[in-house]
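Observations on the three-dimensional arrangement
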Amino acid sequence: NICLEPTDRYRTCYQRAADPSNNLRKDEIQRREYNRGAKRYDKDKNYRIEPYSPPYVAEDEELMTTTFHLELNQDSTQLTCDEKVVMEEVVLEYLRANIGNDDTFLPICAVVEEWKGYDEVVPDG
(Lines give C-alpha, C1' and ligand atoms only; values in the text may rest on other atoms or scores of the structure.)
Protein backbone atom coordinates (compact mmCIF):
# COMPACT_ATOMS: atom_id res chain seq x y z
CA ASN A 1 0.00 0.00 0.00
CA ILE A 2 0.98 3.59 -0.55
CA CYS A 3 0.37 6.35 2.00
CA LEU A 4 1.01 9.80 0.56
CA GLU A 5 2.28 12.68 2.67
CA PRO A 6 0.46 14.77 3.54
CA THR A 7 -2.26 12.20 4.13
CA ASP A 8 -4.76 11.85 1.30
CA ARG A 9 -8.20 12.07 2.93
CA TYR A 10 -9.70 9.99 0.10
CA ARG A 11 -7.22 7.12 0.47
CA THR A 12 -9.88 4.66 1.68
CA CYS A 13 -13.28 5.30 0.12
CA TYR A 14 -16.03 3.26 -1.44
CA GLN A 15 -16.37 3.71 -5.17
CA ARG A 16 -20.11 3.77 -5.69
CA ALA A 17 -22.23 1.72 -8.04
CA ALA A 18 -24.52 4.79 -8.24
CA ASP A 19 -21.72 6.74 -9.99
CA PRO A 20 -22.61 6.83 -13.70
CA SER A 21 -18.91 7.09 -14.65
CA ASN A 22 -18.20 3.47 -13.65
CA ASN A 23 -19.74 0.05 -14.23
CA LEU A 24 -19.71 -1.31 -10.69
CA ARG A 25 -22.57 -3.57 -9.60
CA LYS A 26 -21.98 -2.77 -5.91
CA ASP A 27 -20.00 -0.24 -3.89
CA GLU A 28 -16.41 -1.33 -3.33
CA ILE A 29 -13.03 -0.13 -2.07
CA GLN A 30 -10.64 -0.22 -5.03
CA ARG A 31 -7.25 -0.39 -3.32
CA ARG A 32 -5.25 -1.44 -6.40
CA GLU A 33 -6.48 1.53 -8.43
CA TYR A 34 -5.67 3.91 -5.58
CA ASN A 35 -2.12 2.56 -5.19
CA ARG A 36 -1.54 2.82 -8.95
CA GLY A 37 -2.66 6.47 -8.92
CA ALA A 38 -0.67 7.26 -5.76
CA LYS A 39 2.49 5.84 -7.33
CA ARG A 40 2.02 8.08 -10.34
CA TYR A 41 1.24 11.09 -8.11
CA ASP A 42 4.50 10.48 -6.20
CA LYS A 43 6.33 11.07 -9.51
CA ASP A 44 4.14 13.94 -10.79
CA LYS A 45 2.48 16.11 -8.10
CA ASN A 46 0.12 17.58 -10.75
CA TYR A 47 -1.42 14.16 -11.43
CA ARG A 48 -4.97 13.81 -10.08
CA ILE A 49 -5.42 10.48 -8.33
CA GLU A 50 -8.27 8.46 -9.77
CA PRO A 51 -10.55 7.04 -8.57
CA TYR A 52 -9.74 8.51 -5.16
CA SER A 53 -10.62 12.07 -5.82
CA PRO A 54 -13.64 13.23 -3.83
CA PRO A 55 -16.22 10.42 -3.92
CA TYR A 56 -19.29 10.54 -6.13
CA VAL A 57 -22.17 12.51 -4.58
CA ALA A 58 -25.64 12.33 -6.17
CA GLU A 59 -27.69 15.49 -6.76
CA ASP A 60 -29.83 14.87 -3.67
CA GLU A 61 -26.81 14.17 -1.41
CA GLU A 62 -24.00 16.13 0.20
CA LEU A 63 -20.64 15.00 1.51
CA MET A 64 -20.38 15.53 5.27
CA THR A 65 -17.05 15.39 7.12
CA THR A 66 -16.53 14.71 10.81
CA THR A 67 -13.72 13.68 13.14
CA PHE A 68 -13.77 10.31 14.84
CA HIS A 69 -11.43 9.64 17.76
CA LEU A 70 -10.18 6.14 18.43
CA GLU A 71 -7.79 5.40 21.26
CA LEU A 72 -5.71 2.24 21.33
CA ASN A 73 -3.18 0.81 23.74
CA GLN A 74 0.14 0.05 22.09
CA ASP A 75 3.85 0.40 22.60
CA SER A 76 5.81 3.29 21.06
CA THR A 77 6.00 1.61 17.64
CA GLN A 78 4.44 3.77 14.90
CA LEU A 79 1.82 2.24 12.64
CA THR A 80 2.99 1.28 9.18
CA CYS A 81 1.18 2.43 6.06
CA ASP A 82 -0.28 -1.07 5.64
CA GLU A 83 -1.57 -1.07 9.21
CA LYS A 84 -3.23 2.32 8.72
CA VAL A 85 -4.92 1.15 5.52
CA VAL A 86 -6.20 -2.03 7.20
CA MET A 87 -7.55 0.06 10.10
CA GLU A 88 -9.30 2.40 7.66
CA GLU A 89 -10.88 -0.45 5.73
CA VAL A 90 -12.03 -2.31 8.87
CA VAL A 91 -13.58 0.84 10.40
CA LEU A 92 -15.25 1.83 7.12
CA GLU A 93 -16.65 -1.65 6.48
CA TYR A 94 -17.89 -1.96 10.08
CA LEU A 95 -19.62 1.42 9.97
CA ARG A 96 -21.14 0.67 6.56
CA ALA A 97 -22.54 -2.64 7.85
CA ASN A 98 -23.88 -1.29 11.13
CA ILE A 99 -25.07 2.32 10.80
CA GLY A 100 -27.00 4.35 8.28
CA ASN A 101 -28.77 3.16 5.13
CA ASP A 102 -29.72 4.45 1.67
CA ASP A 103 -32.45 6.63 3.19
CA THR A 104 -30.28 8.33 5.86
CA PHE A 105 -26.53 8.30 5.35
CA LEU A 106 -23.78 5.91 4.31
CA PRO A 107 -20.17 5.94 5.50
CA ILE A 108 -18.14 6.56 2.35
CA CYS A 109 -14.51 7.28 3.40
CA ALA A 110 -12.25 6.69 6.41
CA VAL A 111 -8.68 7.84 6.91
CA VAL A 112 -6.11 7.78 9.70
CA GLU A 113 -4.80 11.32 9.37
CA GLU A 114 -2.73 11.57 12.49
CA TRP A 115 -1.11 8.97 14.65
CA LYS A 116 0.45 10.18 17.81
CA GLY A 117 1.23 8.82 21.20
CA TYR A 118 1.01 10.84 24.34
CA ASP A 119 2.63 10.72 27.72
CA GLU A 120 0.63 9.09 30.47
CA VAL A 121 -1.00 11.68 32.67
CA VAL A 122 -0.90 10.70 36.33
CA PRO A 123 -3.17 12.73 38.62
CA ASP A 124 -1.67 14.20 41.79
CA GLY A 125 -2.15 11.69 44.52
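Look a little higher up for the structure.
Residues numbered from 1 in each chain as written. Predicted model: local features only at pLDDT ≥ 70, side-chain atom pairs only at ≥ 80, totals over all residues. Heavy atoms only, no water.

Helix and strand content of the protein chain: 2 helices and 2 strands. The 125 residues of the protein chain split such that 28% are buried. Considering only contacts within the protein chain whose residues lie at least 6 apart along the sequence, 59% involve residues at least 24 apart. Summing over all exposed atoms, the protein chain offers an accessible surface of approximately 9,700 Å²; the carbon and sulfur share of this is 47%. (Helix = DSSP H or I, 4+ residues; strand = E, 2+ residues; numbered from the N terminus. Buried < 20%, exposed > 50% of the residue type's maximum accessible area, 1.4 Å probe, protein only. Contact = heavy atoms within 4.5 Å. Areas by Shrake-Rupley, 256 points an atom, 1.4 Å probe, with all protein chains shown as cover.)

Now for the packing of aromatic side chains. One pass over the full model with this rule turns up 0 aromatic pairs. The ring centre of Y14 lies 4.0 Å from the NZ or CZ of R96, which sits over that ring. (Phe/Tyr/Trp six-rings, centres within 6.5 Å; stacked < 30°, edge-to-face > 60°. Lys NZ or Arg CZ within 6 Å of the ring centre and 35° of its normal.)

This next bit is on helix α2 (residues 81-98). Along its 18 residues, α2 runs 26 Å from first to last C-alpha, staying within 8% of the 26 Å computed at 1.5 Å per residue. Along α2, the positions that sit buried rather than exposed are K84, V85, M87, E88, L92 and R96. One face of α2 carries all of its buried residues, which in axial projection span an arc of 160°. Of the exposed residues in α2, those oriented more than 90 degrees away from the buried face are V90, Y94 and A97. (Expected span 1.5 Å × (residues − 1). Arc of directions from axis to C-beta.)

As a further point, take helix α1 (residues 31-43). Each full turn of the α-helix corresponds to 3.6 residues, which orients residues three or four apart in the same direction. Under the 1.5 Å per step criterion, the end-to-end length of α1 is 19 Å for 13 residues, consistent within 8% with the ideal 18 Å. Within the span of α1, buried status applies to R31, Y34, N35, G37 and A38. One face of α1 carries all of its buried residues, which in axial projection span an arc of 165°. Structural note: α1 exposes R32, R36, K39 and K43 on the side pointing more than 90 degrees away from its buried face. The secondary structure elements touched by the buried residues of α1 are β2 (28-29) and α2.

Turning our attention to the pattern of salt bridges. Tallied over the entire structure, the rule returns 4 salt bridges. The residue R96 makes a salt bridge to D27 at a minimum N-O spacing of 2.9 Å. Here R96, found in helix α2, pairs with D27, found in the loop between β1 (14-15) and β2; they are 69 residues apart in sequence, far enough to count as distant. For R96, a relative accessible area of 18% puts it in the buried group. (Salt bridge = Lys/Arg side-chain N within 4 Å of Asp/Glu carboxyl O.)

All right, on to the state of the cysteines then. Taken as a whole and assessed by the stated rule, the structure comprises 2 disulfides. There is a disulfide in this structure between C3 and C81, and the S-S distance comes to 2.1 Å. In this structure the cystine formed by C3 and C81 twists about its S-S bond by roughly 90°; its chirality is therefore right-handed. Of this pair, C3 sits in the segment before β1 while C81 sits in helix α2; the two residues are 78 residues apart in sequence, bridging distant segments of the chain. By relative accessible area, which is 22% here, C3 ends up partly exposed. Classification of C81 by relative accessible area gives partly exposed; the value is 21%. Covalent S-S linkage joins C13 and C109, the inter-sulfur distance amounting to 2.0 Å. (Disulfide = S-S within 2.5 Å.)

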